[in-house]
Amino acid sequence: MSSTFEALSPEQRLGQLLMVGFDTNAPLGSLDDLVADEHVGNVIYLGGWDGAEKVTRTSEHLQGLVSPKATGGVGLLIAADQEGGEVHQLRGAGFTRPPKASVQAQMKPAELTRAATSWATELKAAGVNVNLAPVTDTVPKEIGKANEPIGRWGRQYGSTPEAVSRSATAFLQGMLDGGIEGTVKHFPGLGRIQRNTDFNATGITDSVATTTDPHLAPFAAGIEAGAGLVMVSSARYPKLDAKNAAMFSPAIIDGLLRTQLGFDGVVITDDLNAAAAKVLPVAERAVKYVGAGGDILLTGAPEAAAPMAKALAAAATSPDFAEKLDASVLRVLTLKERMGLLPCSATP
């Protein structure tokens, strides 16, 4: 892995920290230039993809763009949001629609793991290797559907940390058993906020969460179970950081997640194209996130990739920031090594 890192150019290293959206209505070659010229190393399917045949064809095309010149020979993370219920980006022939999390939670853990393994096998067959699931947020019963991003849609596995830990971990184990990297989200939890961060920059504050919050337990359980990625939210938690949203907070990413919970894997943003993140200019989003200890910048707006890369390169003139960048790239490459995506590693 270190030899791969050393072989990458500075631009190729930055590309490993970018994940861009591929809309279902976009032409097959729509991201070709970004991979070739901006060295983008990761893609997420957005917009609702119909049929495994289309997804497989696109995944094969994307991995076919991998080359020594484009990505240093490093394969792409190809991700999807395939939680179940309302959130399933891949549908139609070849894909089972998982039920929403609140229904999955009614299964016994072993049963849910078996089901999730089957869902993961379908994803892997279509060339997807990362699922941005399971949701690991706890929505208290008294809040329920008033919680717009999670509770309203039944995306939660339960109203207590114990229930969420049990089912989210069972789902995650199934993903791993089926050859898919899972992602616990949305750290440190969206269960108490009112409005959806995708569409709102206000009403997204959790004024309860502290470093001893019981709602952290499902995230700790997911990390212990082997989650390769943790997605950090764009909500605000003033008792953890009075100034910054979670994805821009050193106290939350470097402090709470990495130091207190001991997570040394890949931290990925929630969509940087969301309303809650857009309160900052695109370049500042990138620099503040990596500066806070984050790794992959996920954006549903492919046109944001080049400005983000440029901003990171400019910030890397600071030795301290350059050190953070290198650490982030190494974490991504470590994950990809485990997935068989490095030039010198065989696909499992």
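For the structure itself, look to the data block above.
Peer 1: Can you help me understand the layout of surface pockets in this one?
Peer 2: Where empty space is left becomes clear once a probe the size of a water molecule has been rolled over the atoms. The computed volume of the largest pocket comes to approximately 720 Å³. Lining the largest pocket are 29 residues; nearest its centre among them are Asp-81, Val-87, Gln-89, Arg-155 and Asp-198. When contributions to the lining of the largest pocket are tallied by element, the ones reaching two or more residues are strand E2 (42–46), strand E6 (87–88) and strand E9 (183–187).

Peer 1: When you look at the sheet that holds strand E12 (residues 297–299) in this model, what are you seeing that I'm missing?
Peer 2: The strands making up a sheet are joined through hydrogen bonds of the backbone, oriented either antiparallel or parallel. Strand order in the open sheet formed by five strands is E8-E4-E2-E1-E12, with parallel pairing between adjacent strands. Of all strands in the sheet, those bounded by a partner on one side alone are strand E8 (130–131) and E12.

Peer 1: For this particular structure, what's the right way to read the packing of aromatic side chains?
Peer 2: By convention here, two paired aromatic rings are described through the distance between centres and the angle between planes. Under the criterion given, the structure shown has six aromatic pairs. Note on Phe-22 and Trp-49: the rings are 5.4 Å apart at their centroids and 80° apart in plane angle, and the pair reads as edge-to-face. Pair noted here: Phe-22 is in strand E1 (residues 18–23) and Trp-49 is in strand E3 (residues 49–50), with a separation of 27 residues, a long-range link. Residue Trp-49 is classed as buried on the basis of its relative accessible area of 1%. With 5.2 Å between their ring centres and 90° between their planes, Phe-187 and Phe-219 make a pair best called edge-to-face. Residue Phe-187 is located in strand E9, and its partner Phe-219 is located in helix H8 (residues 217–224); the two are separated by 32 residues in the primary sequence. Both residues of the pair, Phe-187 and Phe-219, belong to the buried class. The rings of Phe-22, Tyr-45 and Trp-49 are connected pair by pair, giving a single aromatic cluster. Positioned above the aromatic ring of Trp-49, the side-chain terminus of Lys-54 is 4.9 Å from the ring centre.

Peer 1: Teacher, can you tell me more about the side chain of Arg-155 here?
Peer 2: Along the chain, Arg-155 turns up in the loop between E8 and helix H7 (161–177). Its relative accessible area of 14% is what places Arg-155 among the buried residues. A polar contact is formed between the side chain of Arg-155 and the backbone oxygen of Pro-149, at a distance of 2.8 Å. Residues in contact with Arg-155, not counting those within four places in the same chain, are Glu-83, Val-87, Ala-101, Val-135, Pro-149, Ile-150, Lys-185 and His-186.

Peer 1: Got a minute to help me understand a negative patch on the surface in this structure?
Peer 2: There is a patch of like negative charges on the surface, built from Glu-6, Asp-320, Glu-323 and Asp-326. In terms of residue count, the dominant contributor to the negative patch is helix H12 (residues 319–338) (three residues).

Peer 1: Looking at this structure, how should I read H12?
Peer 2: Residue pairs three or four apart in sequence face the same way in an α-helix, which turns once every 3.6 residues. Here H12 spans 29 Å end to end across 20 residues, near enough to the 28 Å set by a 1.5 Å rise per residue. Among the residues of H12, those classed as buried are Phe-321, Leu-325, Ser-328, Val-329, Arg-331, Val-332, Leu-333, Leu-335 and Lys-336. At the exit of H12 stands Gly-340, carrying a positive phi of roughly 75°.

Peer 1: So what exactly am I meant to see when it comes to the pairing of strand E4 (residues 77–80) here?
Peer 2: Looking along a regular strand, one sees side chains alternate from face to face of the sheet. Along E4, one buried face is formed by Leu-77 and Ala-79 and the opposite face, lined by Ile-78 and Ala-80, is buried too. Pairing of E4 with E8 involves two bridges; the strand directions are parallel. Opposite Ala-80, over in E8, you have Asn-131 as the bridge partner.

About the criteria used
Residues numbered from 1 in each chain as written. Predicted model: local features only at pLDDT ≥ 70, side-chain atom pairs only at ≥ 80, totals over all residues. Heavy atoms only, no water. 1 Å grid on protein atoms, 1.4 Å probe; cavity = no way out; pocket = protein on both sides within 12 Å on 5 of 7 lines; lining within 4 Å. Points joined across faces, edges and corners; volume = space filled by probe spheres on them. Helix = DSSP H or I, 4+ residues; strand = E, 2+ residues; numbered from the N terminus. Pairing = 2+ DSSP bridges. Phe/Tyr/Trp six-rings, centres within 6.5 Å; stacked < 30°, edge-to-face > 60°. Buried < 20%, exposed > 50% of the residue type's maximum accessible area, 1.4 Å probe, protein only. Lys NZ or Arg CZ within 6 Å of the ring centre and 35° of its normal. Polar contact = N/O pair within 3.5 Å; in protein donor to acceptor, adjacent residues only side chain to side chain. Contact = heavy atoms within 4.5 Å. Patch = residues over 30% accessible without salt bridge, like charges linked within 9 Å, V, L, I, M, F, W, Y side chains within 5 Å. Areas by Shrake-Rupley, 256 points an atom, 1.4 Å probe, with all protein chains shown as cover. Salt bridge = Lys/Arg side-chain N within 4 Å of Asp/Glu carboxyl O. Lys, Arg positive; Asp, Glu negative; His and termini not counted. Charge placed at Lys NZ, Arg CZ, Asp CG, Glu CD. Expected span 1.5 Å × (residues − 1).

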